[in-house]
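Below are the chains, spelled out letter by letter.
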Amino acid sequence: MTDPRLLDVEVAEDRDAEHMLINMGPQHPSTHGVLRLILELDGEEIIRCEPVIGYLHRGKEKIGETLSFHQFLPYTDRLDYLAPLANNVAYTVACEKLVGVEATPRAQAIRVICCELARISAHLLGLGAYAMDLGAMTIFLWTFREREAIYSLIERICGARFTTSYTRVGGVERDLPEDFLPKLEAFVREFPGRVDEYEALLTRNKIWVRRTQGVGVISKEVALAYGLTGPNLRGSGIDYDCRKAHPYCGYEQYEFEVPVGSAGDCYDRYLVRIEEMRQSAHILRQVIDTLPSGPYINRDQERVLKSVLPDKTKTLTNMEALIHQFMVATESIAAPPGEAWFSAENPKGELGFFLRSNGGASATRCRIRAPSFAALQCLVEIVPGHMVADVMAILGSIDFVMGECDR
Amino acid sequence: MSVLTDHGDPAAGAALHAALPHFTWEPVIDRGDVTVPVDPRHEVEVATIARDRLGYTLFIDRFGADRGEDAEPRFDVYTILYNLDTGKRLHLCASLPGLDPVMPTLIPVFRGANWFEREIWDMYGIRFEGHPDLRRILMPDSFPDFPLRREYPMEGQGAWAAPSRAIGGGVDGQHGEVAVNYVPSRPPPAAGGPSGPGGAP
């Protein structure tokens, strides 16, 4: 063999020392928003990964300290903007815990509908984008077909498709329209068959399996130490779901299973999300059958009246109601001094709110514990050792959203 | 409300006392959440005991809070842990003074504390001793202040108002002249090492 140096080609003689730094993002399509990864490569193998976040920081926690409790609600739509209804529910229950109000049974059941629709919708987008990043274009189009149906349902519920702001302290903003349940029922009847279609395309697809199995393995120990929650934690074989561990909104009444993975790789996280969608449909079916009648917002007690908005239709004709609404929304929500922490099982994981009140009009601390923030930190640990192309599989399987991570 | 208020374990104080009898424990129970005040210097020890002996293995959250300029102690650093076996949460609360707040890092116990502590530094200027990479995380590196401190205004100042000082301010910790209507009552710690407000580049 001729010495390559004689052939007038450059040879990397210090092959061990030359590492290449590449920036993936903040505009890379697989980063679903504005995440930047600094990757240090040895050949095509990644030896260091540093996520850089903050590009979508809007100071929500600061805003939460200046607005009244009701006024902050629309900001929660924009946390995990793929599941605004679930964010609304989590924030409102935290406020209710702080104030000491309980939603009516009907409102709680409506909230369960909201949360599960949001979960299906968010998982569908996560799955579609995940598959598209790995080259399976069809799935993306199919999941968006179902997402469209869900958005139409959400539009029926609250008039908005994307930024819902639907919940209120003590209940929800308005009752379900009359034709909603049949429409939801039709969707729930259709949906499991659709999930079968996705699975037929992916679960035993050789390309899919080889790109995801054994890739991005998160061990139990790493998952616990990094505070992973939601499907990412369950994919690693830890059975923890807020809906079962500390039920809220009456989740204890519904029968459902919590899927748990074993290997902790990208494939397991995919399977967990697929099964969660089926379980969500199962929960929706039960809510349709058992939806209680009664008021959709709790206006029972005098104490409650100071924190619950009046009937919107009354405010259009009644001066006192209008003043009351104005006062509740802008100034006061009889929140006794103290602290409250509440966390809910959102599609991405455990979304926690910590509210501290000194009795004034707004919180003095509004902490948002975002599951995506914890999940992205984990990349430091799991990405090194993989090829560059595996990063797309890992990012897709982590299923993060930057609106929530950067707040 | 019972479903919302039985998340803390009222016996957590007694359990900690059994493991660490040389400290005093006075858990605060508020709306069912059990918050254990801990001395910042002993927090690592308490968290280790909570993880290894009491079963609080899942790290949920770590965040700061500010009681206002006049309060003393001014800052609180909360750590929220979860016990997967009993389904109970434990809140640890370490209080810090307003002037040069500093406490040991929790990374040796929970590696995931890394980013959470960077965020606390970013927002409140609380330093964590032993943290390997204490830089800003959500705000730009050149940002000169700690925005979640109570005295920081919602309007009147920001990166857009002061592009010139954003460049200079981050490096030497000086507050430039472009700032609008806002003079921080306590300047951030002097530049040099990781305590410079902009952090390492």
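Thresholds, definitions, all that
Residues numbered from 1 in each chain as written. Chains lettered and ligands numbered in written order. Predicted model: local features only at pLDDT ≥ 70, side-chain atom pairs only at ≥ 80, totals over all residues. Helix = DSSP H or I, 4+ residues; strand = E, 2+ residues; numbered from the N terminus. Rg over C-alpha atoms; globule rule 2.2 N^0.38 Å. Buried ≥ 20, exposed ≤ 12 C-beta atoms within 10 Å, placed from the backbone. Pairing = 2+ DSSP bridges. Axes fitted to C-alpha atoms, helices over the stretch in contact; angles between N-to-C directions. Contact = placed C-beta atoms within 7 Å. Domains from an automatic or database assignment. Nonpolar A, V, L, I, M, F, W, Y, C, P; charged D, E, K, R; others polar. Expected span 1.5 Å × (residues − 1). pLDDT = per-residue confidence, 0-100. Core = buried A, V, L, I, M, F, W, Y, C linked by C-beta atoms within 7 Å. Parallel < 35°, antiparallel > 145°, perpendicular 65-115°, else oblique. Left-handed = near helix turned anticlockwise from the far one by under 90°.

1. Digging into the overall build of chain A
Within chain A, the regular secondary structure consists of 18 helices and eight strands. Taken over C-alpha atoms, the radius of gyration comes to 24 Å for chain A, in line with the 22 Å a tight globule of 407 residues would show. Structurally, chain A occupies a C-alpha span of about 95 × 45 × 35 Å along its principal axes. Across the 407 residues in chain A, those meeting the buried criterion constitute 51%.

2. A closer look at the sheet that holds strand β1 (residues 28–30) of chain B
The pairing of strands in a sheet comes from backbone hydrogen bonds and takes either a parallel or an antiparallel form. Residues and elements named next belong to chain B. With mixed pairing, five strands are arranged side by side in an open sheet as β1-β2-β5-β4-β3. Of all strands in the sheet, those bounded by a partner on one side alone are β1 and β3 (58–66). Adjacent strand axes in the sheet meet at a mean angle of 25° when their direction is disregarded. Relative to strand β5 (residues 88–96), strand β4 (residues 75–83) runs antiparallel, the two sharing nine bridges. Across the sheet, asparagine 83 pairs through a bridge with lysine 88, a residue of β5. The sheet strands contacting helix α4 (residues 113–124) are β3 and β4, and the helix crosses β3 at an angle near 10°.

3. Structural notes on the domain arrangement of chain A
Residue and element names in this part refer to chain A. Parsing chain A into structural domains produces domain 1 (4–52) and domain 2 (60–301 + 336–406). On the domain 2 side, the residues contacting the 18 residues of domain 1 number 17 residues. Looking at the side of domain 1 that touches domain 2, the elements that each hand over two or more residues are β2 (36–42) and β3 (45–52). Residue composition of the side of domain 1 that touches domain 2, by class: ten nonpolar, four polar and four charged.

4. Points about α4 of chain B
Between its terminal C-alpha atoms α4 of chain B stretches 16 Å, which fits the 16 Å expected from twelve residues at 1.5 Å a residue. The buried fraction of α4 of chain B is high, at twelve of twelve residues. Here α4 of chain B has its buried residues at Ala113, Asn114, Trp115, Phe116, Glu117, Arg118, Glu119, Ile120, Trp121, Asp122, Met123 and Tyr124 of chain B. On its buried face, α4 of chain B is in contact with α15 (371–377) of chain A together with β3, β4 and β7 (127–129) of chain B.

5. Side note on the confidence of the model for chain B
Residues and elements named next belong to chain B. Looking at chain B as a whole, the pLDDT averages 75, with 74% of positions reaching at least 70. Scored below 50 in pLDDT, residues 159–201 makes 68 contacts in the model with residues more than four places away or belonging to other chains. For this predicted complex, the interface confidence score (ipTM) comes to 0.84, while the overall pTM stands at 0.83.

6. Some details on the nonpolar core
All names here are of chain A. Among the nonpolar cores identified, the biggest contains 161 residues, and Leu85, Ala90, Ala94 and Cys114 are the most heavily contacted of them. With 17 residues, the top contributor of residues to this core is helix α4 (residues 105–133). For alanine 94, the residues in contact, after removing those within four places along its chain, are Ala340, Phe342, Phe353 and Leu355.

7. Quick word on the interface of chain A and chain B
Across the contact, 36 residues belong to chain A and 29 residues belong to chain B. At the level of secondary structure, the elements contributing two or more residues to the side of chain A that touches chain B comprise α1 (60–64), α8 (220–225), β6 (338–346), β7 (349–357), β8 (365–369) and α15 of chain A. With five residues, the top contributor of residues to the side of chain A that touches chain B is β6 of chain A. Residue composition of the side of chain A that touches chain B, by class: 15 nonpolar, ten polar and eleven charged.

8. Comments concerning unusual backbone geometry
The general pattern is negative phi for most residues beyond glycine and trans for most peptide bonds. At the junction of glutamate 72 of chain B and proline 73 of chain B, the peptide bond is cis and its omega measures out at -5° in the coordinates. Backbone geometry at serine 165 of chain A places phi at a positive 45°, although glycine is not the residue there. Relative to the elements of secondary structure, serine 165 of chain A occurs in the loop between α5 (137–158) and β4 (167–168). You will see that cysteine 249 of chain A, though not glycine, has its phi angle at about 50°, which is positive. As for its placement among the helices and strands, cysteine 249 of chain A is situated in the loop between α10 (242–245) and α11 (266–290).

9. A closer look at the pairing of β2 of chain A
Residues and elements named next belong to chain A. Here strand β1 (residues 20–24) runs beside β2; their pairing, made up of five bridges, is antiparallel. Each bridged residue has a counterpart across the sheet, and for methionine 24 the counterpart in β2 is leucine 37. Note: β2 against β3, seven bridges, orientation antiparallel. Within β3, the residue paired with isoleucine 38 across the bridge is glutamate 50.

10. Description of the packing of helix α6 (residues 180–202) of chain A against α11 of chain A
Residues and elements named next belong to chain A. Axis separation between α6 and α11 bottoms out at 10 Å; the angle between their running directions is 160°. Considering their axes alone, α6 and α11 lie roughly antiparallel with respect to each other. Here α6 and α11 pass one another in a crossing that is left-handed. Every residue of α11 that contacts α6 at Leu181, Leu184, Glu185, Val188, Phe191, Pro192, Val195 and Glu199 is listed here: Ile274, Met277, Arg278, Ala281, Leu284, Arg285 and Ile288. Here the residues of the contact of α6 with α11 sort into eleven nonpolar, no polar and four charged.

11. Considerations on the sheet that holds β6 of chain A
All names here are of chain A. Taken in spatial order, the three strands make up an open sheet running β6-β7-β8, and their pairing is antiparallel. Looking at the sheet topology across the chains shown, the edges are occupied by β6 and β8. Strand-to-strand, the axes of this sheet are offset by a mean angle of 10°, without reference to chain direction. The sheet contacts of helix α3 (residues 84–99) involve β6 and β7, and relative to β6 the element is tilted by about 155°.

12. Section: the environment of arginine 369 of chain A
Relative to the assigned elements, arginine 369 of chain A resides in strand β8. Under the C-beta neighbour-count criterion, arginine 369 of chain A is labelled buried, with 25 such atoms within 10 Å. Sequence separation between arginine 369 of chain A and leucine 351 of chain A is 18 residues, and the spatial gap between their C-alpha atoms is 5.6 Å. When neighbours within four sequence positions are excluded, arginine 369 of chain A is seen to be in contact with Ser343, Leu351 and Gly352 of chain A together with Ile60 and Asp61 of chain B.

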